[in-house]
Amino acid sequence: MKMTKSYNVWSEFQPLESVAIGNINTVDEIDVPLLGQEHQDNLSKVFEYTHSDLEKIHTQLKKLGIKVEQCTTYDLRSKPAYSPPLQPRDWFMVYGNTTIIPNQIHDYNHAKTKSLDHVLQENIVRGDYIDTANFLRCGRDVFYTSDYGNQGTIEGCVFMYKQLIDINPLMRLNEIKDVGSHLDGSIFFVRPGLLLSAIEYDSLPERLQSWDIIDCTVPEAQHVKSVNVWGDLFKHKHNKFHPFILEKWLWYKDTNPEETCWSINALSINEQCVLMPGYNKYVFNELSKRKVECIDLSLRSLDFWDGGLHCFTNELIRTGDCIDYFE
């Protein structure tokens, strides 16, 4: 008898039971015209850091008793070259017990949506393109950014709304404007009534303004120590560090690590504990005052991939039902 895999996620902070994490090939599996030993060494270091980061995430989650599933890799040597399945947050979202997969319209993204075929097998809906990192779940309410740029389409937005309302007819969709794409780079829901926000207070939806908001618009909240390991290497990233990647991996042209608030691109374990991508004194102190434990993973590859801990992971099961947190 075939067993159905039942997933369940209603929020960003209910107790985590099962999670997917990204994956990446080895550096020698990438067919790029390396431009000298220095470029080769730099690229090798990126992959060394990335594999180490994924292992840190996997080890810590297992230590906390959370089941981990990992994306499978695939041949990256296509034209244009595929990007690795490193950030599962971008291409699927579980809401209730349904997995929503907005199809990735670009060839170099499409393979990602198959990298969890061994895991995502039931209750799947597919449709028009939008990155699911533009959406954050908070029980009955779902928040999203309309500034998706080339990381979505209006048809994708409509598709997501139709699926969310079909899953939960009482769902309320809350738009947040002028924050850029991928909302998880600007907001982190810690628990009901508490959030980290790199968005100006007046730009937050009214129902969030009554929460306890840790203000991460201040400069001391923006960065984490481990991201700065590169020194000056990224000052000329688009034309000196890896021109072969601009040539072969088209997705990289659109990244903008400088706009990401790394200190809030985190993963909630439960309402009292969060995994953090790196150490930020201001954020850690503010959460400690509110009795929230922060576990520092000191990830080192974030700025290269323009993705944080939230991006590298995606929840499959969080225990609990759909709750209206704004009654």
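Provided above is the structure to which this section pertains.
Nothing here was measured: the structure is a model prediction, and the numbers come from that model.

A. Representation of the packing of aromatic side chains in the model. A full pass over the atoms with the stated rule returns ten aromatic pairs. Here the aromatic rings of W10 and Y95 are separated by 4.9 Å at their centres, their planes lie at 75°, and the arrangement is edge-to-face. Of this pair, W10 sits in the segment before β1 (16-21) while Y95 sits in strand β3 (residues 93-95), and the two are 85 residues apart along the sequence. Ring geometry for F47 against W305: centres 5.9 Å apart, planes inclined by 75°, an arrangement best described as edge-to-face. A residue pair is termed long-range when its members are at least 10 positions apart, and F47 in helix α1 (residues 37-63) and W305 in helix α7 (residues 302-305) qualify at 258 residues. Like F47, the residue W305 is buried in the burial classification. Taken together, F143, F189, W211 and F326 form an aromatic cluster joined through their ring pairs.

B. Spatial organisation of the sheet that holds strand β13 (residues 273-276). In space, the three strands of this open sheet follow the order β12-β13-β14, with mixed pairing throughout. Of all strands in the sheet, those bounded by a partner on one side alone are β12 (267-270) and β14 (293-296). Taking the axes of each pair of neighbouring strands and ignoring which way they run, one obtains an average angle of 25° across the sheet. Summarising the sheet, β13 and β14 pair through four bridges and their orientation is parallel. Directly across from C273, in β14, lies its bridge partner E293.

C. Examining helix α3 (residues 154-167) more closely. With 14 residues, α3 should reach 20 Å at 1.5 Å per residue; the first-to-last C-alpha distance of 20 Å fits that figure. Of the residues making up α3, those classed as buried are G156, C157, F159, M160, Q163 and L164. The arc that holds the buried residues of α3, viewed along the axis, is 160°, so those residues lie on one side. Facing away from the buried surface of α3 by more than 90 degrees, the exposed residues are I154, K162 and D166.

Calculation rules
Residues numbered from 1 in each chain as written. Predicted model: local features only at pLDDT ≥ 70, side-chain atom pairs only at ≥ 80, totals over all residues. Heavy atoms only, no water. Phe/Tyr/Trp six-rings, centres within 6.5 Å; stacked < 30°, edge-to-face > 60°. Helix = DSSP H or I, 4+ residues; strand = E, 2+ residues; numbered from the N terminus. Buried < 20%, exposed > 50% of the residue type's maximum accessible area, 1.4 Å probe, protein only. Pairing = 2+ DSSP bridges. Axes fitted to C-alpha atoms, helices over the stretch in contact; angles between N-to-C directions. Expected span 1.5 Å × (residues − 1). Arc of directions from axis to C-beta.

Shape is all these values report; function is a separate question.
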